[in-house]
Each structure stands twice: as structure tokens, then as C-alpha cells.
Amino acid sequence: MTRQKPRLLIAAVAVLILGVLAWLVWPSTSSGPTVLKSATGSHTIQLSVDAPKLGTNSFGVEVTDQSGKPARLDSVTVEPVMPQMGHALSPVTAGQEGPGRYRAAETVLPMTGQWEITISLHGPAGTEQAVFPLLVK
């Protein structure tokens, strides 16, 4: 009887590990973009990316002022950082698509895992930043 307890424990741990690994590598079933929101002192920022993935991604950024109107900014940059691995990539300047709407179309994420995406807003009142967590599978 005492020999079966370690075998059962090992089997239970193995099943748990397999379950976690399957969850991490299983294809995502979400059909829409990942959309995250944050606020700074003067702006509300919405970041969107279709199915964050290894390789080239396109980040959409919408910025509104405190009254909810599209923000007037000089520039917007997107900077991916992966603190756990020490990766800090060069900021990508987002091109303006319309009032308060920007896109960083050629943003490369060279590794899967947890990233932090820093959005920097540069405008007449100075620079503001917001950091968004993003899981890349």
C-alpha cells in the first residue's frame, strides 16, 4: 500500500503538468482582437492587436482627451518590452490614421510570453505613458 501512494502522487502531478502545457499551447479560439484600455492624467488610451503572435504585429491605438474627443498629439510610439527575458525593443512610431487614431503596423515581437507594451503620447503638454500587459502565444 505505501508504494502506491508515491505512484499516485507522481501520476497526479504528471496529469496536472500535461494539462497546463496543453492549455498554454492550445490554439486560441478567440476570434476578435485583444483590446486593452488605460488612462493617464489627460488621456484615455485603447490598444488593440489582432491575435498577438510571434513575429510582426499591427497595433492600433485610439486616444481621447478627458472630454472623450479625439486627442491632438504630435506623435505616438509603441515600445515592446519583455522584462522577464531582458528584451527591450526600439520604439515604433505609430502613423496617424485619423483624429485620435494611430497604427504601428510593423511591430515585431520576437518571442512568445508575457510582454509589456508602453504607449508614449507626445503632445503640446508634454509626454505621457501607459503600459499594457500582453500575452503572446
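Below is a short write-up of the structure.

Conventions we followed
- Residues numbered from 1 in each chain as written.
- Predicted model: local features only at pLDDT ≥ 70, side-chain atom pairs only at ≥ 80, totals over all residues.
- Heavy atoms only, no water.
- Helix = DSSP H or I, 4+ residues; strand = E, 2+ residues; numbered from the N terminus.
- Buried < 20%, exposed > 50% of the residue type's maximum accessible area, 1.4 Å probe, protein only.
- Contact = heavy atoms within 4.5 Å.
- Salt bridge = Lys/Arg side-chain N within 4 Å of Asp/Glu carboxyl O.
- Core = buried A, V, L, I, M, F, W, Y, C linked by side-chain atoms within 4.5 Å.
- Pairing = 2+ DSSP bridges.

The subject of this paragraph is the overall build of the protein. Scanning the protein from terminus to terminus reveals one helix and nine strands. Scanning the protein from its N terminus toward the C terminus, one meets helices and strands in the order α-β-β-β-β-β-β-β-β-β. Among the 137 residues that make up the protein, the fraction classed as buried is 28%. Sequence separation of 24 or more characterises 54% of the internal contacts of the protein that already satisfy a separation of 6 or more.

Summed over the entire model, instances satisfying the criterion amount to one salt bridge. Arg-103 is the salt-bridge partner of Glu-97, the closest N and O atoms lying 3.2 Å from each other. Take Arg-103: its relative accessible area is 30%, and that puts it in the partly exposed class.

Moving on, we get to unusual backbone geometry. Despite not being glycine, Ala-51 has its phi angle at roughly 35 degrees, a positive value. Looking at the secondary structure, you find Ala-51 in the loop between strand 2 (43-49) and strand 3 (55-65).

This paragraph deals with the nonpolar core. Grouped burial of nonpolar side chains is what soluble globular proteins tend to show. The biggest cluster of nonpolar side chains holds 23 residues, and the ones touching the most others in it are Phe-59, Val-61, Val-76, Ile-117 and Ile-119. Elements with a minimum of two residues in this core: strand 2, strand 3, strand 4 (75-82), strand 7 (101-109), strand 8 (113-123) and strand 9 (126-136). Discounting chain neighbours no more than four positions away, the residues touching Phe-59 are Leu-47, Ser-48, Val-49, Val-78, Tyr-102, Arg-103, Ala-104, Thr-107, Leu-109, Ile-117 and Leu-134.

Here the focus is the pairing of strand 8. Residues in a regular strand project their side chains so that they alternate between the two faces of the sheet. Taken across its 11 residues, strand 8 has eight buried, putting it largely inside the fold. Strand direction decides the pairing type here: strand 4 and strand 8, joined by seven bridges, are antiparallel. Across the sheet, the residue bridging to Thr-77 is Ser-120, located in strand 8. In this sheet, strand 9 lies alongside strand 8 in antiparallel orientation, the contact comprising 11 bridges. Each residue of the ladder has a partner; that of Ser-120, found in strand 9, is Gln-129.

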